[in-house]
Amino acid sequence: MSEPSSPAPGLDRPRRSRSITVLLPVLGLIAVALCGLFVFGTVTEKVGPLAVGIGVLAALVPVAVVVTAFLWVDRWEPEPPKLLLLAFVWGACVATIIALLLNSGAEAVGDLLLGTGVGGKISGLVSAPLVEEAAKAVFILLLWWRRPSEFDGVVDGIVYAGFTAAGFAFTENIYYFGRAFAEHGFGDGTSAGVLAAFFLRGVLSPFTHPLFAVMTGIGLGVAASSKVRSLRILAPIGGYLVAVLLHALWNGAALLGGAKTFLNVYFLIMVPLFIGVFSVVVMQRRREQRIVAAALPMMVDARWIAPSEVSLLASLSGRRSWRKQARKQSGREAAKAVGRYQASVTELAFLRRGPKLTDEAKQRQSELLRVLKTSRAEAVRLADGAPRG
């Protein structure tokens, strides 16, 4: 890797008090852990430890597929792994316990006021869509508010919403698969049992919760990338309402309709909608590639990158080949340094989309240039002196 001169001014961030840097993260981890223990204990009490174990094993398959899909979406401008993990944990623990408590309360009130058995339908049709989509959306909203540099468009909204919903669906699937096993055993794939539940939730509809949540994520992503005040308010509200309506429609087809109604909703609404969202993702990925490719010549002129690197940075295949070659020649750490270098180039390209940089954007640019310079230097050092392999 050649090393052009790079203006990489470093800006020291103001020192934060220890209550923020140490105490609050610790308290947050404790709160999440307690939520997780509560959910685990509740599910175990309802279906038993063996059924929970079966549920965990069955739930791992669809969640692996969903997470892999959203990582594929997130390839151009990868989000920090810590935030993606936090999004997943939020959905699996915090959002789940919020939904569990409020949905149970709604069911109890419905049974009390309208008669036994009615509360479950009220919870499924009204409470669950409103509460669950709101609980998943809170994390994305907080991220947009507290970490705007990590949330700047529709793809970011889709990815964070997808990871939050994947965590929520993972916990929910553990319960449903575990309950199916506790009540009917494995079954045979067509009768009630964990195999039938797995086919319905793990094969036919692993993306339902992510699909609902993605509507809110798209709304927040539109708001994050817009300068129009009305759109920044209406887009998230509209996305949330679409998510709630889709969730209510899905639950209504399962609770009130027969098999024919459910299949009609599945094939005539959910499948086309999934294809539509997938098409949006593909278009957004191509748009991101065009943004990066258009910014590379400017970066060459500014001597941030070398001219020979343009073709390697302009496509995902070129970037992947570069990292693979770095790993083969200089080791894993060199490949990671190249990856950090590539990510900083992408973020710089997105940062410079607007006609004029704000003071906050200028500070962010300085930080990214520092990362670009240090990761380049690390990759060069490892290429020159590290053992091969």
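Scroll up a little and you will see the structure.
What counts as what
Residues numbered from 1 in each chain as written. Predicted model: local features only at pLDDT ≥ 70, side-chain atom pairs only at ≥ 80, totals over all residues. Heavy atoms only, no water. Helix = DSSP H or I, 4+ residues; strand = E, 2+ residues; numbered from the N terminus. Buried < 20%, exposed > 50% of the residue type's maximum accessible area, 1.4 Å probe, protein only. Contact = heavy atoms within 4.5 Å. Areas by Shrake-Rupley, 256 points an atom, 1.4 Å probe, with all protein chains shown as cover. Expected span 1.5 Å × (residues − 1). 1 Å grid on protein atoms, 1.4 Å probe; cavity = no way out; pocket = protein on both sides within 12 Å on 5 of 7 lines; lining within 4 Å. Points joined across faces, edges and corners; volume = space filled by probe spheres on them.

K.L.:
It is not clear to me how the overall build of the protein should be interpreted in this structure. Could you clarify?
P.N.:
From N to C terminus, the protein includes 13 helices and zero strands. If you list the helices and strands of the protein from N to C, you get α-α-α-α-α-α-α-α-α-α-α-α-α. The 389 residues of the protein split such that 46% are buried. In the protein, the share of contacts with a sequence separation of at least 24, taken over all contacts with a separation of at least 6, comes to 76%. When the accessible surface of the protein is summed, it comes to about 20100 Å², and 66% of that surface belongs to carbon and sulfur atoms.

K.L.:
Hey, could you run me through helix H8 (residues 229-255) in this one?
P.N.:
Since the α-helix turns once every 3.6 residues, residues separated by three or four places project in the same direction. Look at H8: 40 Å from first C-alpha to last across 27 residues, which is about the 39 Å you get at 1.5 Å a residue. Buried within H8 we find Ala235, Pro236, Gly239, Ala243, Val244, Leu246, His247, Trp250, Asn251, Gly252 and Ala253. Tucked into the core, H8 has its buried residues touching helix H4 (118-146), helix H7 (208-224) and helix H9 (259-301).

K.L.:
Even after reading the chapter, I still don't get the layout of surface pockets, so can you show me in this structure?
P.N.:
One water molecule sets the probe size; rolling that probe over the atoms shows where empty space is left. Considering only enclosed or pocket space, the second largest pocket measures out at about 1500 Å³ in volume. Looking at the second largest pocket, it is lined by 48 residues, and the ones nearest its centre are Glu172, Tyr175, Tyr176, Arg179 and Arg201. When contributions to the lining of the second largest pocket are tallied by element, the ones reaching two or more residues are helix H1 (18-47), helix H3 (81-114), H4, helix H5 (154-184), helix H6 (194-204), H7, H8 and H9. The element best represented in the lining of the second largest pocket is H5, accounting for 11 residues.

K.L.:
Teacher, can you tell me more about the environment of Leu312 here?
P.N.:
On the secondary structure map, Leu312 appears in helix H10 (residues 310-313). As a C-alpha pair, Leu312 and Trp322 span 10 residues in sequence and 6.9 Å in three-dimensional space. Setting aside residues up to four positions removed in sequence, Leu312 forms contacts with Gly318, Arg319 and Trp322.

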